[in-house]
Amino acid sequence: MKFIGKFIVLILVVSCSNKQNTLYEYANYPVKFAKQKISHPTNDFSILIPKNWEWKVEDYDNENIILGIDASSKPDQNGFIDIISIQKIKSFGENKDLESEFQYCLNIIENNSHNRKIVESGQTELLNKISYFLHTKSDSNQNGGTEIISFIMDSGIEGVFYNLTASASQTEELKKNMSILIQSLRTFEQLKNK
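These remarks concern the structure in this document. For clarity, every value in this text was computed on a predicted model and none was experimentally measured.

## Comments concerning the overall build of the chain
Move 1: The helix and strand tally for the chain stands at four helices and ten strands.
Move 2: Reading the helices (α) and strands (β) of the chain from amino to carboxyl end gives α-α-β-β-β-β-β-α-β-β-β-β-α-β.
Move 3: Taking all 194 residues of the chain together, 42% fall into the buried category.
Move 4: Partitioning the intrachain contacts of the chain with sequence separation of at least 6 by distance along the chain shows that 54% fall at a separation of at least 24.

## Regarding the sheet that holds strand S9 (residues 160-169)
Move 1: Read from one edge of the open sheet, seven strands run S3-S4-S5-S9-S8-S7-S6, paired in antiparallel fashion. In this open sheet, the two strands that pair with only one neighbour each are strand S3 (54-57) and strand S6 (116-124). Averaged over neighbouring strand pairs, the angle between their axes works out to 15° when direction is ignored.
Move 2: The sheet contacts of helix H3 (residues 98-112) involve strand S5 (83-90), S6, strand S7 (131-138), strand S8 (146-154) and S9, and relative to S7 the element is tilted by about 10°.

## Concerning the sheet that holds strand S1 (residues 35-39)
Move 1: Across the sheet, which stays open at both edges, the three strands sit in the order S1-S2-S10 with antiparallel pairing between neighbours. Either end of the sheet is taken by a strand with one partner, and the two such strands are S1 and strand S10 (189-190).
Move 2: Across five bridges, the pairing between S1 and strand S2 (residues 45-50) is antiparallel. In the strand pairing of S2, Lys-37 is matched with Leu-48.

## Structural notes on the side chain of Asn-177
Move 1: Mapped onto the secondary structure, Asn-177 falls in helix H4 (residues 174-185).
Move 2: Aside from chain neighbours lying at most four places away, what touches Asn-177 is Asp-82 and Thr-171.

## Remarks on the nonpolar core
Move 1: Counting residues in each nonpolar core, the largest one holds 29 residues, and the members touching the most others are Ile-84, Phe-151, Leu-164 and Ile-182.
Move 2: Within the residue set of this core, elements represented by two or more residues are helix H2 (23-28), S2, strand S4 (65-72), S5, S8, S9 and H4.
Move 3: The greatest single-element share of this core, amounting to five residues, is contributed by H4.
Move 4: In this structure, Ile-182 is in contact with Leu-23, Tyr-26, Ala-27, Leu-126, Ile-149, Phe-151 and Ala-166, ignoring residues within four places of it in sequence.
Move 5: Counting ten residues, the second-largest nonpolar core is a separate cluster that includes Ile-65, Leu-98, Leu-106 and Ile-152.

## So, the pattern of salt bridges
Move 1: A complete count under the given rule lists three salt bridges for this structure.
Move 2: Here Asp-44 makes a salt bridge to Lys-88, at a shortest N to O gap of 2.9 Å. Here Lys-88 lies in strand S5 and Asp-44 lies in the loop between S1 and S2, a separation of 44 residues in the sequence. An identical accessibility class is assigned to Asp-44 and Lys-88; each is buried.

## Regarding a nonpolar patch on the surface
Move 1: A surface patch of nonpolar side chains, amounting to about 230 Å² of accessible area, comprises Phe-92, Tyr-104 and Ile-108.
Move 2: Within the secondary structure, Ile-108 is located in helix H3.
Move 3: Overall, Ile-108 belongs to the partly exposed group, its relative accessible area being 34%.

## Focus: the environment of Asn-163
Move 1: Here Asn-163 shows up in strand S9.
Move 2: A sequence separation of 31 residues divides Asn-163 from Tyr-132, and the C-alpha atoms of the two residues are 9.8 Å apart.
Move 3: Non-local contacts of Asn-163, meaning those with residues more than four positions away in its chain, are made with Ser-85, Ile-86, Gln-87, Ile-89, Ser-150 and Phe-151.
Move 4: A polar atom in the side chain of Asn-163 sits 3.4 Å from the side chain of Thr-165.

Reading the values: rules and limits
- Residues numbered from 1 in each chain as written.
- Predicted model: local features only at pLDDT ≥ 70, side-chain atom pairs only at ≥ 80, totals over all residues.
- Heavy atoms only, no water.
- Helix = DSSP H or I, 4+ residues; strand = E, 2+ residues; numbered from the N terminus.
- Buried < 20%, exposed > 50% of the residue type's maximum accessible area, 1.4 Å probe, protein only.
- Contact = heavy atoms within 4.5 Å.
- Pairing = 2+ DSSP bridges.
- Axes fitted to C-alpha atoms, helices over the stretch in contact; angles between N-to-C directions.
- Core = buried A, V, L, I, M, F, W, Y, C linked by side-chain atoms within 4.5 Å.
- Salt bridge = Lys/Arg side-chain N within 4 Å of Asp/Glu carboxyl O.
- Patch = residues over 30% accessible without salt bridge, like charges linked within 9 Å, V, L, I, M, F, W, Y side chains within 5 Å.
- Areas by Shrake-Rupley, 256 points an atom, 1.4 Å probe, with all protein chains shown as cover.
- Polar contact = N/O pair within 3.5 Å; in protein donor to acceptor, adjacent residues only side chain to side chain.

Honestly, that's just the spatial picture; any functional story needs more than this.
What follows is the structure, encoded as structure tokens:
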């Protein structure tokens, strides 16, 4: 009888651990962390990121990316890092509106994404503004694979959008780390139109 009880508990633990967390579960997972405010040097936007993170302004070799920053955690004991990336982009699909840009990006991921699967996607107001999100993860479920949640938002300029991305390593700390990333992205503030 003890064996059956332990077997049932094992099955419940395994089935619960394979459950995929949603964007809203990450957004509502309570975690506190020290923050630092950073702004793009052009004063285009600001965001609060974890205090001990490094960040830098990126120079992209892509004519569609207008400007951006990347911020990253220090490597954990296994060398894995978490990343926040914010880019202001001209539409990659020559789209004028937000929904069309989202559909273009969703189509690219559905048709060209090897070793990744879409967990969920759609419209959200999580960032206090209508945006669309794409939530993907590594197919392998191996420790250290990545889980990514990207948001696409209007910039106020036709055909120009913000792409805010949270990328966390699939480790034991995934839920806490992704919660920190989403909380940081929720502080994004556009400071001016260019």
